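# Close look at the chain arrangement
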Amino acid sequence: MRSRAAIGLSAALIGVALVSIQVNAQQAPTVTAADYARAELFLRENVFPLVTGMSVQPMWLTGDRFGYRNMTRGGSQFILVDPAKGTRVPCSPETDRCGGALDPREVSRVQAGAQRVFGTRPESVSPDGKRAAFIRNYNLWVRDIATARETQLTTDGQKDFGYATDNAGWIKSDRPVLIWSPDSKKIATFQQDDRPVGEMYLVNTKVGHPELSAWKYPLPGDSVIATIARVVINVDTPRVIRFQMAPDPHRSTLCDHVICRGSEWADVEWYPDGSHVAFVSTSRDHKHEVFRVADAATGAVRDVFREDVATQYESGNGMVNWRVLPATNEVIWFSERDDWGQLYLYDLATGQLKSKITSGEGNVAQVRRVDQKTRTIWFVGNAKERGRDPYFRHFYKTGMDGKGLTLLTPENADHDIALSPSGQFFVDSYSTPDVPPVTVVRDLSGKTIVTLEKGDISRLSAIKWKPPMPITVKARDGKTDLYGLMYVPTNLDRTKKYPIVNHIYPGPQTGSVGGRSFAPARGDAQALAELGFIVVEIDGMGTPWRSKSFHDAYFGRMGDNTLPDQVAGMKELAARYPWIDINRAGIYGHSGGGFATADAMFRYPDFFKVGISEAGNHDQREYEDDWGERYQGLLVRTPDGSDSYAPEANQLLAKNLKGKLLLAHGTMDDNVPPYNTLLVVNELIKANKDFDLILLPNRAHGFGNEPYMVRRRWDYFVKNLLGAEPPHEFQIGAARGRTP
């Protein structure tokens, strides 16, 4: 029997405990449905309609005139612009043809939009607009647009050995991959051999027998990959001229497909007279490039020159930068041999280097126009203006002799450029991540001809919206500047501590931030911040748009994933801003970001406490061939029975998990097959680790912005990183349609 004193002491302890529980309960954060509703206001579909003057997408007409649709609070209006006259006129093409300024054909173009559509079949229209090429039963056909008469151009196409095939494994479609000659009489294309290539399999979820999806999907280390046998086809009297060379690996100088921008076949260019085709052959590992010219009449191929690199060759940022100049017997070539993207001039006949065109720090990112008569080049460049964000794009002109480099867009901002068909004018929309765009028309000297739009964010401001904060931190080496964005709650209380969440995309083909132009929403970063987090996006070493050495920082070590930079940057921000709680660090990402997120949880288990990994390519041996073989190198078997890819595979590190990890994948993901995530799941089970898993039935790769996934993402951070209970099954989109 206990003494009265002991009973009293117990009661006192119970009282203290109750008081402690009450105090802790009062201090614990609370997150309500109203907080989620507030966060939802900042999603893309809610904030984009609140901004006007954001986007000018010119629809070019005759004489360098163009029209565009301007979104207004009441809907939209059509604006007709004549750069030669410096006029901007709101008008109606549908009712009065803009006062008769538009002819009937231009009105039809405006009404149909910028694309010509013929039913639902993908087609490629000839330059003269008279014929359209398409694929039928693995062969190439053309249709006369006026008469609808169809003509078969090839006859030996077969399954997995078809003409103009669009299949890179990770992406595929029925569109034809080809380039018409300028005179619309010939087509350059290829016959793609997938026959010996391994297959990928997915099975849908349904009642009854499931349906198997199977297609050719080469993987790193496979003994064979897809190859393309190049051809020219005479259209008038159908005849196939095969290039006299071995088939090329299915590769390009710019991306991990032979299509890199829309439907444009990369690295192929017709001579203006249609007599020859210039092209570049890329080796399987992207280390060797050969510039070649083929005779369109005979198929004879001549090697002009080559470039060999130690890591991987890339011909620009978002655009292939080489140009063939038959009139002067020259080639403009792009290379990063001096650690920056520069232009070089080669002799087309001898293959000898004639001169270097551009020099100094900064990149030639995109060659936009070449005037052979004046020997002038216009290009988009970056990192050339000191004291500015190196990711800001600017427009320049320079002489082909390397003299006369001129900045045409002086504003300290990111410039999005669209040239007129004649190249005499350009539309310039400039902005920063925290300043809305101004769009003007300029001439080739950079002079502003007319102002088109100014972004109006007054309605955004009415809901207390704030832009992200541009940030600069030091990289892992303590010296290199890294750039990014930080999102804070609009009601930030500087006396409190906030968990920090890293939204990551590691590259190597892009970074976490993406473009530096203004956007009222970037994913759900600001929405997540509204729930009580500091969200950061940092472009670490190994991402593009900087120097070659910066981009190659972790070449051959894909598991690096810029993580040393992310950790260093987050710690620096926490030291700079006392309201960041570095002891509560989270991370999330999709696709490559999903790979990096799980990697972060396994390689830095004491730093990252919570991670959400979506659609991650966790093992490059289980992802398409071109990605890994470009950035990791060709797979090499090791004496111990392993290989050079194994150290980068997430599942082999899964035993290190300490924090809370949510894995998510779509079961019909034909880009990153779901087996990538299941490999990690299997090893987590073997290691007896707790984790969470969402498999989204019949979803492909892009489920990250689905309301359900967004809500589950918020819930996971709120519960496990913020330490609060999220509202039960909050439904994002339930109030969609109302104006905040």
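As the structure is a prediction and not an experimental result, all values here were calculated from the model.

## Some points on the nonpolar core
Leu528, Leu531, Phe533, Trp714 and Phe717 are the most contacted members of the largest nonpolar core, which totals 47 residues. Of all the secondary structure elements, the ones that give two or more residues to this core are helix H2 (33–40), strand E37 (481–487), helix H7 (525–530), strand E41 (608–614), strand E42 (660–666), strand E43 (692–696) and helix H13 (707–722). For this core, the leading source of residues is H13, giving eight residues. Among the nonpolar cores identified, the runner-up in size contains 41 residues, and Tyr577, Ala585, Phe608 and Leu653 belong to it.

## Some points on the packing of aromatic side chains
Counted under the stated rule, the structure contains 24 aromatic pairs. For the ring pair phenylalanine 134 and tryptophan 141, a centre distance of 6.4 Å and an interplane angle of 20 degrees mean the geometry is stacked. Since its relative accessible area comes to 17%, tryptophan 141 is described here as buried. Aromatic pair phenylalanine 190 and tryptophan 265: ring centres 5.2 Å apart, planes at 65 degrees, arrangement edge-to-face. In this pair, phenylalanine 190 sits in strand E12 (residues 186–193) while tryptophan 265 sits in strand E19 (residues 264–265), placing the two residues 75 residues apart along the sequence. On the basis of relative accessibility, which here comes to 0%, the residue phenylalanine 190 falls in the buried class. On the basis of relative accessible area, tryptophan 265 is assigned to the buried category, the value being 4%.

## Observations regarding the sheet that holds strand E25 (residues 330–335)
Pairing between the strands of a sheet is mediated by backbone hydrogen bonds and can be parallel or antiparallel. Pairing is antiparallel across the open sheet formed by four strands, whose spatial order is E24-E25-E26-E27. Only two strands of the sheet have a single partner each, and these edge strands are strand E24 (323–325) and strand E27 (353–356). Strand-to-strand, the axes of this sheet are offset by a mean angle of 25 degrees, without reference to chain direction. Relative to E25, E24 runs antiparallel, the two being bridged by three bridges. Each bridged residue has a counterpart across the sheet, and for valine 324 the counterpart in E25 is valine 331.

## Focus on the environment of phenylalanine 161
With respect to the helices and strands, the residue phenylalanine 161 is situated in the loop between strand E8 (150–152) and strand E9 (166–167). Considered as a pair, phenylalanine 161 and serine 184 are 23 residues apart in the sequence and their alpha carbons are 25 Å apart. Beyond its immediate chain neighbours, meaning those up to four positions away, phenylalanine 161 contacts Asp156, Gln191, Gln192, Asp193 and Arg195.

## Structural notes on the side chain of lysine 216
Here lysine 216 lies in strand E14 (residues 212–216). For lysine 216, the side chain forms a polar contact with the main-chain oxygen of arginine 195, separated by 3.3 Å. Beyond its immediate stretch of four places on either side in the chain, lysine 216 contacts Asp160, Asn167, Gly169, Asp194, Arg195, Val197, Gly198 and Glu199.

## A few points about H13
Each full turn of the α-helix corresponds to 3.6 residues, which orients residues three or four apart in the same direction. With 16 residues, H13 extends 21 Å from end C-alpha to end C-alpha; this agrees with the ideal 22 Å at 1.5 Å per step. For H13, the complete set of buried residues consists of Met709, Val710, Arg711, Arg713, Trp714, Asp715, Tyr716, Phe717, Val718, Leu721 and Leu722. Of the residues one or two after H13, glycine 723 is the one with positive phi, at around 80 degrees.

## Some thoughts on a nonpolar patch on the surface
A cluster of nonpolar residues, Tyr201, Val203, Leu212, Tyr675, Leu678, Leu693 and Leu695, forms a patch on the protein surface that exposes about 600 Å² of accessible area. Those elements that provide at least two residues to the nonpolar patch are strand E13 (199–203), helix H12 (675–686) and E43. Among the secondary structure elements, leucine 678 is positioned in helix H12. The exposure class of leucine 678 is partly exposed, given its relative accessible area of 37%.

## Describing the pattern of salt bridges
Two side chains bearing opposite charge may form a pair once their charged atoms approach each other closely. If you walk through the whole model with that rule in mind, you get 57 salt bridges. With a closest N to O distance of 3.1 Å, glutamate 725 and lysine 719 form a salt bridge. Under the relative-accessibility criterion, lysine 719 is labelled partly exposed at 43%.

## So, the pairing of strand E16 (residues 239–242)
In summary, the side chains of a regular strand alternate between the two faces of the sheet. The pairing of strand E15 (residues 227–234) with E16 spans four bridges and is antiparallel. Across the sheet, residue valine 231 finds its bridge partner in E16, namely arginine 242. Between E15 and E16, which pair antiparallel one after the other, the connecting turn spans four residues.

## Digging into unusual backbone geometry
In this model, glycine 507 is joined to proline 508 through a cis peptide bond whose omega is 5 degrees. Positive phi values are uncommon outside glycine, yet tyrosine 138 reaches one of about 70 degrees. Within the secondary structure, tyrosine 138 is located in the loop between strand E6 (131–136) and strand E7 (139–144). Here serine 591, not a glycine, exhibits a phi torsion of approximately 65 degrees, which is positive. Position of serine 591 among the secondary structure elements: in the loop between strand E40 (580–590) and helix H10 (592–603).

## Structural notes on the state of the cysteines
Using the criterion set out here, one finds two disulfides in the structure. The disulfide partner of cysteine 91 is cysteine 98, and the S-S distance across this bridge is 2.0 Å. Its S-S torsion of about 60 degrees marks the bond between cysteine 91 and cysteine 98 as right-handed, since a negative value means left-handed. Accessibility expressed as a relative area gives 18% for cysteine 91, which makes it buried.

About the thresholds
Residues numbered from 1 in each chain as written. Predicted model: local features only at pLDDT ≥ 70, side-chain atom pairs only at ≥ 80, totals over all residues. Heavy atoms only, no water. Core = buried A, V, L, I, M, F, W, Y, C linked by side-chain atoms within 4.5 Å. Buried < 20%, exposed > 50% of the residue type's maximum accessible area, 1.4 Å probe, protein only. Helix = DSSP H or I, 4+ residues; strand = E, 2+ residues; numbered from the N terminus. Phe/Tyr/Trp six-rings, centres within 6.5 Å; stacked < 30°, edge-to-face > 60°. Pairing = 2+ DSSP bridges. Axes fitted to C-alpha atoms, helices over the stretch in contact; angles between N-to-C directions. Contact = heavy atoms within 4.5 Å. Polar contact = N/O pair within 3.5 Å; in protein donor to acceptor, adjacent residues only side chain to side chain. Expected span 1.5 Å × (residues − 1). Patch = residues over 30% accessible without salt bridge, like charges linked within 9 Å, V, L, I, M, F, W, Y side chains within 5 Å. Areas by Shrake-Rupley, 256 points an atom, 1.4 Å probe, with all protein chains shown as cover. Salt bridge = Lys/Arg side-chain N within 4 Å of Asp/Glu carboxyl O. Disulfide = S-S within 2.5 Å.

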